[in-house]
Amino acid sequence: MINQDDEFLGVDKNSGFALRVIILSIPAGLIFLILGLCDILSTPLAALSYICILFFNTVFLMPISTELQQIKKYILSLSSGASEEKELSNLTEKETRDLTAAINSMHKFWVAKTGTLENRTLSDAAVLDTLPDPLMMINQSYNVIGANLAARRLFETDLNGKDIKNFIQDTKFNTTLSKVLNNESKQEELNLCLSTQKEKPKFYVRISTIPWFAKGEIVAVISFYDLHKALQLEQMQQDFVANASHELRTPLSIISGFIETLQTTAKDDEKARDKFLHIMQEQTSYMSALIENLLSLSKIELSINTPPEDKVNINGIIREIKSALEIKLKEHHLELSTRFARLPHIIADEHQITQVLQNLMDNAVKYASDNSVISVITAKINEIPKNRYYEVAEGETVEISISNSGVTISKEDLNRLTERFYRLQEHKNKNIKGTGLGLSIASQIIKRHRGNLIITSENGLTTFKIYLPLKL
Ligand SMILES: Nc1ncnc2c1ncn2[C@@H]1O[C@H](COP(=O)(O)OP(=O)(O)OP(=O)(O)O)[C@@H](O)[C@H]1O
Ligand SMILES: [Mg+2]
């Protein structure tokens, strides 16, 4: 910054202005000296003439110098981030006016360019933030130069400028990173377990160098792929196959046991034969229900990414299911009361929605205590309650509540009710038949429709609330 004390008449004292005036006046000074020595001019007149020359040179150079001084201040203020100033419009010299115009146009150009670059940097950062997998950029000194949102979330901190070794203390990772940073390898991959994490997720990590033409300070990019989810999915599939085969093996072994008994010990026992055949029939229908449900589940999984297109009348479906359940209701002395709101048709998969309502109303009848009332109520509400695992649809929605009295289901059991093959011990003990797949089918279908299923159980009253959006 220029200090006011360093100026004289608007000219910087250190600018060499006086020297320049003196140097410019030397030729004239020499002429006056010679004229004086040759007695052509008297010494006082020669000195006076020289002083006049000095004065005119000063007057001539002063405006340019002061205006250059102003321009210097102006450039300094622009470079310190100030926007263009209008003060410089009072310049009198053409050269300084042209110079200022050139500076202004250069400034405008750089401001525009910086704006474009800033926007691009922001949008690049936003794009990186949308990536589901953590990603970070490292410089030669192992410092993090940039990290996307997933990476910041993973390490629960702002990583910028910090040493990567503070976050990942894994010897294999560090030696691999050194290899890449020291240019011994262009890309390295390894499995990494972050011990700082509560659930110990396992990552597949890729460390790659940046191509030379894109290099700034960044030397390497580290991307993390969550193996935890993939391993969990694999485990779930293995469990599912194991459970399904176990569920099928049990009735099969019962049937083959009875066949053997009928062929040997009970060969001529008519009474035992009838009893065994009845059990065998029960087991076969259980097996066919199981196979049907398993096929249903795999069909729903196939349809999960296809948006449904049917126009579905929810109240109509409930009425049909109710009349199909009449016999069972009578058998258990149950009453099924319905209260319908005026509902528009919803856009959904008619077959699948029928399956959901059938499974839930069937459950209500199956698990209600005898001589009680089951209630089914429909309503139109404004939004679907949030789901922890997926994003529900927005906008108006149909709510179907199905309640029955019976056991109070504990919180732990409520959380596991939609798991495949999960059944309450009370119902297994009472020998109520079921595959344990009905609710998991229903919840998968509801997920496909981006709706929600909320189950509550209090004072012996269990309520299943199904939310289905009017349209997806
Ligand atoms: N309305 C309900 N009241 C009380 N418990 C219920 C109710 N609905 C389901 N359950 C419990 O949840 C378990 C799982 O239900 P789900 O419908 O998935 O299987 P299921 O009824 O046993 O067999 P499936 O539906 O294949 O015949 C049931 O076994 C039962 O213990
Ligand atoms: Mg069921």
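Quick caveat: nothing in here was measured; it's all calculated off a predicted structure. Every chain is numbered independently, its residues counted from 1 as its sequence is written. Here the convention is simple: chains get letters from A, ligands get numbers from 1, in the order in which they are written. Only residues with pLDDT of at least 70 get local features here, since the model is predicted, and only at 80 or more are side-chain atom pairs given and counted; chain-wide, interface and lining totals rely on the full set of residues. Side-chain metrics rest on all non-hydrogen atoms present in the structure, leaving aside hydrogens and water.

Here we look at helix α8 (residues 314–324)
Whether a residue is buried, partly exposed or exposed follows from its accessible area with a 1.4 Å probe, protein chains only, as a fraction of its type maximum: under 20%, in between, or over 50%, in that order. Helix and strand assignments follow DSSP, with helices taken as H or I runs no shorter than four residues and strands as E runs no shorter than two, numbered in order from the N terminus. The complete set of buried residues in α8 reads I314, N315, G316, I317, I318 and I321. Polar contact criterion, stated in full: a pair of N or O atoms within 3.5 Å, where within protein one must be able to donate a hydrogen and the other to accept it, and residues adjacent in sequence count only if both atoms are side-chain atoms. For α8, the N-terminal cap is N313; the gap from its side-chain oxygen to the backbone nitrogen of N315 is 3.3 Å.

Some words on the layout of surface pockets
In this model, the largest pocket occupies a volume close to 1,900 Å³. Here a cavity denotes grid points, spaced 1 Å and computed from the protein atoms alone, that fit a 1.4 Å probe unable to get out, and a pocket denotes an open set having protein on both sides within 12 Å along at least 5 of 7 lines; residues with an atom within 4 Å of a point are the lining. Considering the residues around the largest pocket, the lining is formed by 38 residues, among which Y389, N415, T418, E419 and S443 are closest to the centre. Of all elements in the fold, only α6 (227–263), α7 (270–303), α11 (411–416), α13 (438–448) and β13 (452–458) reach the threshold of two or more residues within the lining of the largest pocket. Ranked by residue count, the leading element in the lining of the largest pocket is α6, at eight residues. Only Asp, Glu, Lys and Arg are considered charged in this grouping, and only Ala, Val, Leu, Ile, Met, Phe, Trp, Tyr, Cys and Pro are considered nonpolar; every other residue, Gly among them, is considered polar. Here the residues of the lining of the largest pocket are counted per class, giving 15 nonpolar, 13 polar and 10 charged. Grid points are joined across faces, edges and corners, and a volume is the space filled by probe spheres set on the points.

Thoughts on the packing of aromatic side chains
We call Phe, Tyr and Trp rings a pair once their centres come within 6.5 Å, taking the six-membered ring for Trp, and we label the pair stacked below 30 degrees between planes, edge-to-face above 60, and tilted otherwise. Overall, the coordinates contain eight aromatic pairs when judged by the stated rule. Look at Y204 and Y225: their rings are 5.9 Å apart centre to centre, the planes differ by 40 degrees, and that puts the pair in the tilted class. Of this pair, Y204 sits in strand β6 (residues 202–209) while Y225 sits in strand β7 (residues 218–226), placing them 21 residues apart in sequence. On the basis of relative accessibility, which here comes to 24%, the residue Y204 falls in the partly exposed class. Relative to F276, the ring of F258 has its centre 4.5 Å away and its plane inclined at 35 degrees; by these criteria the two rings are tilted.

Some details on the site of ligand 1
Around ligand 1, a shell composed of 19 residues is seen, among which Y367, R423, H427, T435 and L439 lie nearest. Contact distances for ligand 1 include 2.8 Å between an oxygen atom and a side-chain N or O atom of Y367. Calculation of accessible area relied on Shrake-Rupley with a 1.4 Å probe; when residues are assessed, cover is drawn exclusively from the protein chains displayed. Alone, ligand 1 offers 590 Å² of accessible surface; in the complex the protein occludes 94% of this. Given that more than half its atoms are within 2 Å of the pocket grid, ligand 1 belongs to the second largest pocket. Every element with two or more residues in the shell around ligand 1 is listed here: α10 (350–367) and α13. Taken together, the residues of the shell around ligand 1 break down into nine nonpolar, eight polar and two charged. Any residue with a heavy atom positioned within 4 Å of a molecule or strand is treated as near that molecule or strand. Molecule-in-pocket calls rest on the fraction of atoms, with more than half required to lie within 2 Å of the cavity or pocket grid points.

A look at the nonpolar core
Among the buried residues, those of types Ala, Val, Leu, Ile, Met, Phe, Trp, Tyr and Cys that are joined through side-chain atoms within 4.5 Å form a nonpolar core. Counting residues in hydrophobic clusters, the biggest one holds 53 residues, and the most contacted among them are I314, I353, L357, I400 and I466. If you tally residues by element for this core, the top one is α10, at seven residues. Counting 26 residues, the second-largest nonpolar core is a separate cluster that includes L159, I164, V205 and A220.

Overview of the side chain of N359
In this fold, N359 is placed in helix α10. Look at N359 and you get buried, because its relative accessible area is 19%. Once residues within four sequence positions are removed from consideration, N359 is found in contact with G438, I441 and A442. Residues are treated as being in contact if the distance between any of their heavy atoms lies within 4.5 Å.

Quick word on the pattern of salt bridges
One speaks of a salt bridge when a side-chain nitrogen belonging to Lys or Arg is within 4 Å of a carboxyl oxygen belonging to Asp or Glu. Scanning the model with the defined rule gives nine salt bridges in all. A salt bridge links D129 to R152; the nearest nitrogen and oxygen atoms lie 3.5 Å apart. Linking D129 in helix α3 (residues 94–130) with R152 in helix α4 (residues 149–155), this pair joins segments that are 23 residues apart in sequence. Assessed through its relative accessible area of 27%, D129 is described here as partly exposed. A residue is classified by how much of its surface remains accessible, and R152, at 27% relative accessible area, is partly exposed. Between R416 and E419 there is a salt bridge; the shortest N-O distance is 2.9 Å. Residue classification places R416 among the partly exposed positions, given a relative accessible area of 37%.

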